[in-house]
Structures are given as structure tokens and as C-alpha cells.
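# An overview of the molecular structure
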Amino acid sequence: MLDRKLLRNHFAEVKEQLKHRGEDLTDLDRFGELDENRRTLIVESEQLKATRNEVSKQISQLKKEKQDAEEKILEMREVGDRIKMIDSELREVEEKLDVLMLSIPNIPHESTPVGETEDDNVEIRKWGEVPNFDFEEQAHWDLAVSLDILDFERAAKVTGSRFVFYKGLGARLERALMNFMMDLHADEHGYQEMLPPYMVNRTSMTGTGQLPKFEEDAFKIEDWDYFLAPTAEVPVTNYHRDEILKGDELPKKFTAFSGCFRSEAGSAGRDTRGLIRQHQFNKVELVQMVKPEDSYQVLEELTGHAEKVLQLLELPYRVLSMCTADLGFTAAKKYDLEVWMPSNETYREISSCSNFEDFQARRAGIRFRRDEKSKPEFVHTLNGSGLAIGRTVAAIMENYQQADGSIKVPEVLVPYMGNKTEIR
RNA sequence: GGAGAGCUGUCCGAGUGGUCGAAGGAGCACGAUUGGAAAUCGUGUGUGCGGUAAAAACUGUACCGAGGGUUCGAAUCCCUCGCUCUCCGCCA
């Protein structure tokens, strides 16, 4: 959510900056009227309330002195009715204003490249050597089914499409990656480990920006106002919702393993095979809450922490700075990490690292006090996948495949795989 | 799922219709005292929104789990919901 005062005082500039996102901004123009309307009503209502408070004191005094207060009571009854009318009008205006404010995307940071499509994303760096196989490489779903370590068919029977059973060393590989990533971030990168709830309520989904605009992308629990979390970002960022943190507690660094659930509405027909696009997948997430002046440096560090996973796994990747059109609703700046996928002969997204500045913090009410006496300020929130585990499994299968259809285990994972060096 | 108890400021805790943003205590901050500390004493100690473009100050208003209602007036009475605790049932 943007600062109302910013919008009030610099409307034209903000609108200009939002234009680069390429979203429809016609609703935005209603802001001025709603905002002014709201303030007028507040003034009216509060003046009447001040009167009522004043006269009520007099009534109390009169009664104590056993004098007649009937006239004032009648007068205040009328004032009370008017307050009720104004307040209900005010509530309507505020509701409209809330809906509007919650649907305005974040302002891109000045370092975010301006662009119109995903083709305008800017490659920042590349790492690693793309493998050059002297045999015909296979897609991970073919490898995995031959090795009997993934079972898509039975998952379709048991649940439906875009679900999977991991089996044997496939399941072991997923679990090894989870432990490897969590250990790395907790022990080496200084994050506090968390296992969050997989379901979250509506307020949390609104706090991090999934709602109200993207409800169709989420799985909703029938008869409950709960959603399956699409990412651990939601529970972990909301962990400190409506709190005022102490300045010296910052930065807060959390790493969380969780299942993630996405309905991926509108992506039917894309990546229908394999692990790339599932309704349920596992992910290790990095979340930070920091002081505003630190957030851009922290974005670089956090992205580096995600990259470290790929480097240790020796998977070739590149880093893209997402342009204004491809930023997502909540981010001011975002880097995508893309891992090389031999079956696609291209790089595929495996991590997204974003700085939301105070956009989520304002929605979720996450603030801090620099010291005892200073006013609360909004923190800046950041997060990044460190990494999406299913896609990492796919990348390992494809990049580490051998001529006979077996898969070499990346060296750092061997201890996590019960010292097995190959899946065959 | 059933029965009961509770939810007040950073914390503990008082408050059952008016003088309550809320007693008292603890904590914290500042000051006095001290060679220094402890103890003691004094002062202060929330947030949102509005008046106001920003900051400071001032001022109004709202906030005692959440939302409604009754009333001239609600922390206090009524209704709905959420959460916590205890007992029973069920269960991993």
C-alpha cells in the first residue's frame, strides 16, 4: 500500500511512475475525491463528537446537582443521530478508499529498468558453464519416470493434474535439498529457522499483497476464511504484523521451509509436464525486515544468499533485474535467478528476490522505533526464494544426468543423501 | 464437538454506566542524591486518524480481544465472532 499523504501531495508524479508498470490506472483518479470526501466527513463527525462529549459532562454535572437535564439530553439525542448518519457515510467512503488503496501497485525503484514486456528484463550476470552433453539429453520427467523416482500418473489419480509423488531417492533428493538449504541459510547466512503454518487467514494474505487482487490464484479452504499459503513469505512476513519492533532487533532474518500452493489460474497449458509448474511445491524462503536505509544493500546480500545455493550445487544460472512491466504487484525492485534447464535449452526461474520497501509493511502494520523516544516508522521487507526445491530437483536431474540415464548427486548433497553419489 | 473461566497500556493488575487514556505496582527514560553503584525521591512514559504541505508544538477524536447494538454518555450493559486456559469427548 502506498502512503496516502504521498498520493495526496504528489499525485501526478506517483501516477507517472506507476504508468511504467503498464497497468490500468483509471481507478487511481478517484483517489482525490474519495480522500477529500473522507476528510470532510471526519471533521464534521469529530466536531459533533466534541460537542457531545462536552455536553455529556454538563449532563452528568446537572444530574449530580439534581437539576433538570432533559433539554440537553434531547438535544444530544439529535446530535447522536447525526453522528450516526455521518459515520455510516464515512464508513462507505473509507471502504471505497481502502479497496482503491489496496489495489494500487508499488512504485518501482529508480534502479528498476523501465520496460514494456519481459523481454526488457536486464541480465545482470551469469554464472557457471552450461553443460555440453555428448549424448542426447533427456527432460527431467523422462529421466525421473525411468528411474521411478517421480510418479505423475498416480498423483493425477490420487489428487489431479499438477501434483506429483516423489519416490525413493527422488523423495530423498527433495529432502536432502531442504536440509542443505536450511542449514546453509541458518548456519552460514545468519537466518533464524522457521517452520510456518501452511494455511493463513485473509488478513495475512492482504498484508503481503496476495489479496484482494489475486484471490483466484490462491486455494481457499471451504467454510473457512483460510487460504493455502502460496509461499512462506505470507506467514513469515505476517509473523510481526501489527507490531512495533525495537530498532536494535533489526534486521530480522528468517529462513522458512514450507509447502506452497498455487492454483496458477490463467496458466493452463504452460509447463504441463514435469516439476516446473505444480499446484503444490516445496520452497525454502528467505525473509528480512530491515531499516529503510539498508534495504537496497540487503537486497543484494539476500540475492547473493540465494545464488550461493546454486553455486554450491554447481548449477549454471543467470540473474535478471526485472523491468517495470514484470515486477509484480508488490515489489519496488526484483531480481530473478534463472537456472539452466537443458530440456528447454534456456534459463528458467528458480528464485525471485524482491525489495518491497514499506509497501507490505504499511499493509501489515510492521513498524520499528529507532530508539526509545522516536516515532514508529515502517520497516522495509524483502524476501527471496532460497530456492524453490522442486525446480532445483528438476535442474539437478537435467544438468547432472549421465549417458545411461542415471543422475550424479552434486557433491555438497552427498552427505545429505546417505553418502550416495548417484541415483540409478 | 460439549461444559466452564478469561482477554485492560511494555508487563503485572484495579476498575460493573459519567469526573477513565484508564488506580496501583513493575519496567524503561530523564533528573536529584552518591566517590561510584544499590536503595530512595521527583518527573515523564502508547498508537491511529483529523485540524495542517513537511517537521516540531498544540488541539480534536478514536482505541480496554474484534465487530455491531442499547444510552445524552460504555472498559463497564446486550448480541455475534475470534483467541487463551481448565475439564470431558475424539485424535497424530
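About the thresholds
Residue positions are counted from 1 within each chain, in the order its sequence is given. Think of it this way: whatever chain is written first is A, whatever ligand is written first is 1, and the rest follow in order. Restriction of local features to residues with pLDDT of at least 70 applies here, the model being predicted, together with a cutoff of 80 or more for giving and counting side-chain atom pairs; totals for whole chains, interfaces and linings are based on all residues. For the side-chain quantities, the full set of heavy atoms in the structure was used; hydrogens and water were omitted. A molecule or strand has a residue near it when one of that residue's heavy atoms lies within 4 Å. Polar contact is the term for a pair of N or O atoms within 3.5 Å; when the atoms are in protein, one must be able to donate a hydrogen and the other to accept it, and sequence-neighboring residues count only if both atoms are side-chain atoms. Helix numbers and strand numbers start at the N terminus; a helix is a DSSP run of H or I with at least 4 residues, a strand a run of E with at least 2. Charged means Asp, Glu, Lys or Arg here, nonpolar means Ala, Val, Leu, Ile, Met, Phe, Trp, Tyr, Cys or Pro, and polar covers whatever is left, Gly included. Only rings of Phe, Tyr and Trp enter the pairing, Trp through its six-membered ring, and a pair is recorded when the two centres are within 6.5 Å. The plane angle decides the type: under 30 degrees is stacked, over 60 is edge-to-face, the rest tilted. Throughout, exposure labels follow a simple rule: accessible area from a 1.4 Å probe, protein chains only, divided by the maximum for the residue type, with under 20% read as buried, over 50% as exposed, and the rest as partly exposed. Definitions used throughout: a 1 Å grid over protein atoms alone; a cavity as a set of points that fits a 1.4 Å probe which cannot get out; a pocket as an open set with protein on both sides within 12 Å along at least five of seven lines; a lining residue as one with an atom within 4 Å of a point. Grid points are joined across faces, edges and corners, and a volume is the space filled by probe spheres set on the points. Put simply, buried Ala, Val, Leu, Ile, Met, Phe, Trp, Tyr and Cys residues joined by side-chain atoms within 4.5 Å make one nonpolar core. Note on contacts: a residue pair is in contact if any heavy atoms of the two residues lie within 4.5 Å. Annotation comment: domain bounds sourced from an automatic or database domain assignment. Note on method: axes are straight lines fitted to C-alpha atoms, helices fitted across the in-contact stretch only, with angles between N-to-C directions ranging 0 to 180 degrees. For this classification, under 35 degrees means roughly parallel, over 145 means roughly antiparallel, 65 to 115 means roughly perpendicular, and everything else is oblique. Here a crossing is called left-handed whenever its near helix is offset anticlockwise from the far helix by less than a right angle, and right-handed whenever the offset is clockwise. Strands qualify as paired when DSSP identifies two bridges or more between them. By definition here, a salt bridge exists when the distance from a side-chain nitrogen of Lys or Arg to a carboxyl oxygen of Asp or Glu is within 4 Å. The directions from the helix axis to the C-beta atoms form the arc being described. Residues forming no salt bridge and having over 30% relative accessible area are the ones grouped into patches, like charges within 9 Å of each other and nonpolar side chains (Val, Leu, Ile, Met, Phe, Trp, Tyr) within 5 Å. The protein chains shown are the only cover counted for residues, whose accessible areas, like all others here, come from Shrake-Rupley with a 1.4 Å probe.

This next bit is on the protein's contact with RNA strand B. Residues in contact with RNA strand B amount to 27 residues; listed here are only the nearest, Lys 5, Glu 46, Lys 64, Arg 77 and Arg 367. Considering the 4 Å shell around the protein, atoms of RNA strand B inside it are sugar or phosphate in 73% of instances. Between RNA strand B and Arg 77, the relevant distance is 2.4 Å, taken from a phosphate oxygen to a side-chain nitrogen or oxygen of the residue. Contact distances for RNA strand B include 3.0 Å between a phosphate oxygen and a side-chain N or O atom of Lys 84. Put simply, the parts of the chain that give the surface near RNA strand B at least two residues each are helix H1 (4–9), helix H3 (31–64), helix H4 (70–102) and strand E14 (366–369). Grouping the constituent residues of the surface near RNA strand B by class yields eight nonpolar, four polar and 15 charged.

The next subject is the packing of aromatic side chains. A complete count under the given rule lists ten aromatic pairs for this structure. An angle of 55° between the planes, with centres 6.3 Å apart, marks the rings of Tyr 198 and Phe 261 as tilted. Of this pair, Tyr 198 sits in the loop between strand E4 (192–194) and strand E5 (199–201) while Phe 261 sits in strand E9 (residues 252–261), placing them 63 residues apart in sequence. Judged by its relative accessible area of 34%, Tyr 198 falls in the partly exposed class. Residue Phe 261 is classed as buried on the basis of its relative accessible area, which comes to 11%. Aromatic side chains Trp 340 and Tyr 347 sit 5.1 Å apart centroid to centroid with 75° between the ring planes, which places their arrangement in the edge-to-face category.

The next point concerns the layout of surface pockets. Estimated volume of the second largest pocket: approximately 310 Å³. Forming the walls of the second largest pocket are 17 residues, and the residues nearest its centre are Val 145, Asp 151, Phe 152, Glu 153 and Gly 274. Counting residues per element, the lining of the second largest pocket draws most heavily on helix H6 (residues 152–158), at four residues. Split into classes, the residues belonging to the lining of the second largest pocket amount to six nonpolar, four polar and seven charged.

On to the nonpolar core. Grouped together as the largest cluster of nonpolar side chains are 53 residues, with contacts concentrated most on Leu 177 and Leu 413. In contact with Leu 177, other than residues within four places in its own chain, are Leu 313, Ile 389, Thr 392, Val 393, Ile 396 and Leu 413. Grouped together as the second largest cluster of nonpolar side chains are 29 residues, Leu 28, Phe 31, Phe 329 and Phe 359 included.

Before going further, it helps to examine the domain arrangement of chain A. Domain boundaries in chain A define domain 1 (24–102) and domain 2 (118–423). With centres defined by C-alpha atoms, the gap from domain 1 to domain 2 works out at 47 Å.

With that out of the way, let us pick up the packing of H3 against H4. One way to put it is that H3 packs onto H4 with a least axis distance of 8 Å and a crossing angle of 155°. If you check the angle between H3 and H4, you find them roughly antiparallel. Relative to H4, H3 is oriented so that their crossing is left-handed. Looking at the contact of H3 with H4, its residues break down into 18 nonpolar, five polar and twelve charged.

Further remarks concern the sheet that holds strand E6 (residues 219–220). Read across the sheet, three strands follow the order E5-E7-E6 without closing on themselves; strand pairing throughout is antiparallel. Every other strand in the sheet has two partners, leaving E5 and E6 as the edge strands with one partner each. As judged from the two bridges shared by E6 and strand E7 (residues 226–228), these two strands associate in the antiparallel manner. Bridged to Lys 220 within E7 is Phe 227.

This brings us to the pattern of salt bridges. In total, this model carries 28 salt bridges according to the counting rule given. In this structure, the salt-bridge partner of Arg 39 is Asp 35, at a minimum N-O distance of 3.5 Å. Of this pair, Arg 39 and Asp 35 both sit in helix H3, separated by four residues, roughly a single helical turn. A relative accessible area of 35% places Arg 39 in the partly exposed class. Among the ionic pairs, Asp 225 bridges to Arg 202, the shortest N-O distance being 3.0 Å. In this pair, Asp 225 sits in the loop between E6 and E7 while Arg 202 sits in helix H8 (residues 202–208), placing the two residues 23 residues apart along the sequence. A relative accessible area of 30% means that Arg 202 is categorised as partly exposed. Within this structure, Glu 123, Lys 126, Arg 318 and Glu 338 form a network of salt bridges that share partners.

Right, let's talk about helix H5 (residues 140–147) for a bit. Each turn of an α-helix holds 3.6 residues, which means side chains three or four residues apart point in the same direction. Within the span of H5, buried status applies to His 140, Trp 141, Leu 143, Ala 144 and Leu 147. Projected down its long axis, H5 carries its buried residues within an arc of 160°, all on one side. Against strand E2 (150–151), H6, strand E12 (333–341), helix H12 (389–399), strand E17 (407–408) and strand E18 (422–423) lie the buried residues of H5. Positive backbone phi, at 60°, marks Asp 148, one or two positions downstream of H5.

Another point: the environment of Arg 273. Structurally, Arg 273 is set in the loop between E9 and strand E10 (280–290). Here the alpha-carbon distance between Arg 273 and Met 1, two residues 272 residues apart in the chain, equals 37 Å. Among residues more than four places away in sequence, those in contact with Arg 273 are Trp 141 and Asp 142.

The next point concerns a nonpolar patch on the surface. On the surface, Met 199, Trp 224 and Tyr 226 cluster together to form a nonpolar patch covering roughly 320 Å² of accessible area. The topology assignment puts Met 199 in strand E5.

At a closest axis distance of 10 Å, the pairing of helix H7 (residues 168–188) and H12 adopts a crossing angle of 115°. Here H12 runs roughly perpendicular to H7, going by the angle between their axes. Note that H7 runs across H12; the crossing there is right-handed. The residues of H12 that touch H7, namely those facing Leu 173, Glu 174, Leu 177, Met 178 and Met 181, are Ile 389, Gly 390, Thr 392, Val 393 and Ile 396. Taken together, the residues of the contact of H7 with H12 sort by class into seven nonpolar, two polar and one charged.

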